[in-house]
Amino acid sequence: KTSRPGPGLFKPMRFVLWPVKSGGSKLKKRLNKHKPWIETTYHGIVTENDDKVLLDPPLIALDKDAPLRYAGEICGFRIHGQNVPFEAVVLDRSTGEGVIRAKDKLDCELQKEHTFTIQAFDCGEGPDGASVKKSHKATVHIQVNDVNEYSPVFKEKSYKATVIEGKKYDNILKVEAVDADCSFQFSQICSYEIVTPDVPFTIDKDGYIKNTEKLNYSKERLYKLTVTAYDCGKNRASEDVLVKINIKPTCKPGWQGWSKRIEYEPGTGSLALFPSMHLETCEEPITSIQAHIELETNHIGKGCDRDTYSEKSLHRLCGASSGTVELLPAPSSTANWTVGLPTDNGHDSDQVFEFNGTQSIKIPEGVVTTSFKEPFTISVWMRHGPGAKERETVLCNSDKTAEMNRHHYSLYVHNCRLVFLFRQEPAETENYKPAEFHWKLDQVCDKEWHHYVLNVPGVSLYVDGVSYEPFLVTEDYPLHASKIETQLTVGACWQGGSVRMTQFFRGNLAGLMIRSGKLDNKKVIDCLYTCKEGLDIQVPDEVGSSVKVQFSPSQSSLVMEGDDIESFDRAMQHVSYLNSRQFPTPGIRRLRVTTTVKCFNEETCISVPDAEGYVMVLQPEEPKISLSGIDHFARSSSEFESGEGVALFPELRIVSTITREVELEGEGEEDPTVQESVVSEEIMHNLDTCEVTVIGDELNAEQESLEVDLALIQQRGLEMSSSNLGMIITGVDTMANYEQVLQQIRYRNWRTESLFDRKFKLVCSELNGRYISNEFKVEVNVIHTANPVDHPNNAMAQPQFINPVYHASVDLSGHNLVTAPQSSVVPSAATIVIVVCVSFLVFMIILGVFRIRAAHQRSVRDQESGKENEMDWDDSALTITVNPMETYEDQHSSEEEEEEEEEEDSEDGEEDDITSAESESSEEEEGGVEGQQSGSRQQQLSWHMLILVQSY
């Protein structure tokens, strides 16, 4: 046979029959010894609604037993598979030709392809079909060809849209039809058509409808269009679709229902910025909304409203209390090296120093005692614009003299780069070590305030709380050992060789600090940078997760995203402004809302203009800090000389009040008048500085001092510094704690012989001097106690005019009570004068008894009209020596009453035991009576002359 058997291809064969002894069974077996043969794979095509399958190659089965009858004939084909809708039929048994046809009508839309296996079998050895042989199984793939029997059908029964007049749209809406045919040719929609004539609309092959001209609401408010579709087999849609397009008058999308000016009253907590705000989209089909809300605070303080305490106090509040040294403090008596630097001259914001390229300061020796072998931190607020090419030094520590002219460490700006030079201290081994670190930062030259924190060693930089790695690090040898002193400067660098400043800084600096021994951690850095004002939002529960909110680190801006307009409006109505400062910086904070809206095609469909306004932070009610207490008192000299000294402010009271004007409406609806009433309220807040200053001569360290309990100072987290001018206590703490500390301040003087009085002044302030108290002045008098000398001769002894007198309150303003000088020897002339005086006093006492009643009544009236000065007396060791003839013109009422009681006792029968002290009292009484009766001043002068004679 040939290589590929086929019908009629066998060569003639000769059959030889050999006789067999045992019958023909062996011959029969040899008659059907070959299996039929068919192709391994067939591919067929059938058109739906037809049953004939065209196969490639044709279905033909061959058998090597041909042309034997039965054994060489093909009796049939068998199809294997589940629910195969085909059958195989033998057309010619001798040739093995057959066909495959469909049992029923095929539907391409139900199944496009069919796959099954087929097998041929011969007729066996005889008509009974015994010993039938089967061929191998062949795979048959049949594809059902489509017939364009379906027409396009629109997905929607009708379409509608709304457009705004005066606009040309790229697309208004999209209509879409589908075709149920299974083939690509007949199932695709090739075109759409607007059947309605003379309408200003067109439709493309994808079904998008747009207007060909600007629409006019006054001309036509509603268009009705009939649209049909065609598939690629030219079949038209079974039913056309109706499209309605509404025309609306011009609508301006944007935010509505909010005020451009929003007033914020300090101390009211959170204030809703947009309580009635809603977004007008002009009925555009919105799929997503994004709003960016910005609060501009760059012009407030150092970028926003922060506590304006001193930088040292802020470090302490943030947990970095130890080892901090402030290099740019507010000018004071103890820190005066910043005097002369230009500042913002305002107490509403931080203390900011300006450097114009010609100014710098030297830090005094002893202010910074940091050993830079230990860890340390440099922090500073800086505002710097695009500068020149030369270096601009922020902080520099260099040799003071010209021997070597070395820079030990320096922080400077160069070409918008921040550079830190740190030369290692002398070491045993001279190896290269990192010495200069460079950071390329946009913040250095953007003319905005930024907070820089530099931790050393390791040299890590934080800018506004964000860590930055240096892009360049250069190495150098450690410094050589020397005994040359160094000079620390701010705003320039000291050149010892030329004995001048160089590399001047141009910009603004504030809060320059060095902290030794510890590094500022991320928590402290964030605390120092955090603003006290910003945006806030409390998303309502009904909004849930449909609106996403993301804040900036400074909370000066937030971004909101959502897909539902109603939920987005409710979320916007809960955006608020919050300022946690008790006394915020007043002024304008501009507000901007930028909105992006997208429609169903994921493109921007409407343009929402920016909403701009401002928050006006009103001027806070300024607190009036009042210091009160005992402002004039006397103590014995022994108390001043004791180890404890004398408390200057034993009963100090610190009270802060604010005054508010309250409008009171008139009673009744017919009374339109409005009355204003001023109400004073006591409030509590912190203090950060209290200063005690000496009035008059400065403190002499050799004989006097001001002292305070240092353990209490440390316990309260405060700091104390003193000088010959007084004492300053700094640190943020409550008024009650300051009160307790100030009450412990004591004045000591261990040489009081020539001291008669001392005056002090106390002033406290809040927020780095923004609010200052009254000047509370205290005058302290020194009481000197006289010890009389004993004399053996009583006739020659000085009369005892010293008698303890105790008063509840005595007005001695303008008098220094000093013990009169004592003499151990009394001249005879003085003795005669004393005898005459005593005799005359006895006469005056008798005369005063008769006038005591009248004098008492007049003294009561004088008491009511007289001026009194409060005075606290410590009568535990009070002894007053008074000249026997001295007359006080301004006697206190309590003293007069005591003298009257003494005179009444004398009237009852004690006149014979009158002492010189009692004579003195009587003389004072008589002098008072004569003064009330408008007695002659010449007589009083005579008495004073007698006193002088007695004394000398």
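Quick notes on the rules
Residues numbered from 1 in each chain as written. Predicted model: local features only at pLDDT ≥ 70, side-chain atom pairs only at ≥ 80, totals over all residues. Heavy atoms only, no water. Pairing = 2+ DSSP bridges. Helix = DSSP H or I, 4+ residues; strand = E, 2+ residues; numbered from the N terminus. Axes fitted to C-alpha atoms, helices over the stretch in contact; angles between N-to-C directions. Contact = heavy atoms within 4.5 Å. Disulfide = S-S within 2.5 Å. Buried < 20%, exposed > 50% of the residue type's maximum accessible area, 1.4 Å probe, protein only. Salt bridge = Lys/Arg side-chain N within 4 Å of Asp/Glu carboxyl O. Core = buried A, V, L, I, M, F, W, Y, C linked by side-chain atoms within 4.5 Å. Domains from an automatic or database assignment. Phe/Tyr/Trp six-rings, centres within 6.5 Å; stacked < 30°, edge-to-face > 60°. Lys NZ or Arg CZ within 6 Å of the ring centre and 35° of its normal. Patch = residues over 30% accessible without salt bridge, like charges linked within 9 Å, V, L, I, M, F, W, Y side chains within 5 Å. Areas by Shrake-Rupley, 256 points an atom, 1.4 Å probe, with all protein chains shown as cover. Lys, Arg positive; Asp, Glu negative; His and termini not counted. Charge placed at Lys NZ, Arg CZ, Asp CG, Glu CD.

Chemist: Explain the sheet that holds strand 19 (residues 261-264) to me, using residue names and the numbers behind them.
Modeler: Sheet architecture is open: six strands sit in the order 19-44-43-22-41-40, paired in mixed fashion. Edge positions in the sheet fall to strand 19 and strand 40 (547-551), since each of these pairs with one other strand and no more. Strand-to-strand twist in this sheet, taken as the mean axis angle between neighbours without regard to direction, amounts to 20°. Two elements, strand 43 (residues 587-599) and strand 44 (residues 611-617), share seven bridges in a ladder whose sense is antiparallel. Within strand 44, the residue paired with Arg592 across the bridge is Glu612. Contacts between helix 5 (residues 565-572) and the sheet are confined to strand 22 (286-296), strand 40, strand 41 (557-562) and strand 43, with strand 22 contributing the most and set at about 15° to the helix.

Chemist: Which residues make up the state of the cysteines, and what are the values?
Modeler: All told, the structure shown has eight disulfides when counted by the stated rule. Here Cys304 is linked by a disulfide to Cys531, with a sulfur-sulfur distance of 1.8 Å. Between Cys304 and Cys531 the disulfide shows an S-S torsion of about -95°. By sign, it is left-handed. With a gap of 227 residues between them, Cys304 in the loop between strand 22 and helix 3 (311-317) and Cys531 in the loop between helix 4 (522-529) and strand 39 (533-537) connect regions that are remote in the sequence. By the burial criterion, Cys304 is buried, and Cys531 matches it.

Chemist: Any chance you could break down the pattern of salt bridges for me, citing the residues and the numbers?
Modeler: As enumerated under the stated definition, the model contains 23 salt bridges in all. One salt bridge connects Glu87 with Arg101, and the closest N-O pair in it is separated by 3.0 Å. A residue pair is termed long-range when its members are at least 10 positions apart, and Glu87 in strand 5 (residues 86-92) and Arg101 in strand 6 (residues 97-102) qualify at 14 residues. Among the residues examined, Glu87 registers a relative accessible area of 31% and is labelled partly exposed. A relative accessible area of 36% means that Arg101 is categorised as partly exposed. Counted as one network, the salt bridges with shared partners bring together Glu294, Glu296, Arg592 and Glu612.

Chemist: Before we move on, can you summarise the nonpolar core with the specific residues and values?
Modeler: By size, the foremost hydrophobic cluster in this structure holds 48 residues, and its most contacted members are Phe649, Ile654, Leu706, Ile729, Leu742, Ile745 and Leu762. Counting the residues that make up this core, at least three belong to each of domain 4 (311-529) and domain 5 (624-658 + 682-783). Not counting residues within four places of it along the chain, the set of residues in contact with Leu762 comprises Leu627, Phe649, Leu652, Cys690, Glu691, Val692, Leu742, Asn774, Glu775 and Phe776. Formed by 39 residues, the second largest nonpolar core is a distinct cluster that contains Val459, Phe505, Leu509 and Leu512.

Chemist: Can you explain the packing of aromatic side chains? Please cite residues and give values.
Modeler: Aromatic rings in a pair are described by how distant their centres are and how their planes are angled relative to each other. Within this structure, the stated rule accounts for 16 aromatic pairs. A centroid spacing of 5.0 Å and a plane angle of 85° characterise the contact between Tyr264 and Tyr577, whose relative ring orientation is edge-to-face. Highlighted residues: Tyr264 in strand 19 and Tyr577 in strand 42 (residues 575-579), separated in sequence by 313 residues. The interplanar angle of 20° and the centroid separation of 6.2 Å between the aromatic rings of Trp381 and Tyr529 together place this pair among those described as stacked. A residue pair is termed long-range when its members are at least 10 positions apart, and Trp381 in strand 26 (residues 376-383) and Tyr529 in helix 4 qualify at 148 residues. Across this residue pair, the class does not change: Trp381 and Tyr529 are buried. What links up through ring pairs into an aromatic cluster is the set Phe376, Tyr409, Phe420 and Phe422. The ring of Phe121 is capped by Arg78, whose NZ or CZ atom sits 5.4 Å from the centre of that ring. Looking at Lys362, its charged tip hangs above the ring of Trp494, at a distance of 3.9 Å from the centre.

Chemist: Could you give me a rundown of the pairing of strand 26, with the residues and numbers involved?
Modeler: When you tally the buried positions in strand 26, you get seven out of eight residues, the bulk of the element. Examined bridge by bridge, strand 26 and strand 31 (residues 449-456) share eight bridges and lie antiparallel to one another. The partner of Ser379 across the bridge, within strand 31, is Val453. Relative to strand 38 (residues 506-516), strand 26 runs antiparallel, the two being bridged by seven bridges. Note on strand 38: the bridge partner recorded for Phe376 is Ser516.

Chemist: Before we move on, could you go through a negative patch on the surface and cite the residues and values that matter?
Modeler: A contiguous patch of negative charge, built from Glu265, Glu621, Glu622, Glu661 and Glu681, is present on the exposed surface. Tracing the backbone shows Glu622 in the loop between strand 44 and strand 45 (624-628). The class of Glu622 is exposed, set by a relative accessible area of 51%.

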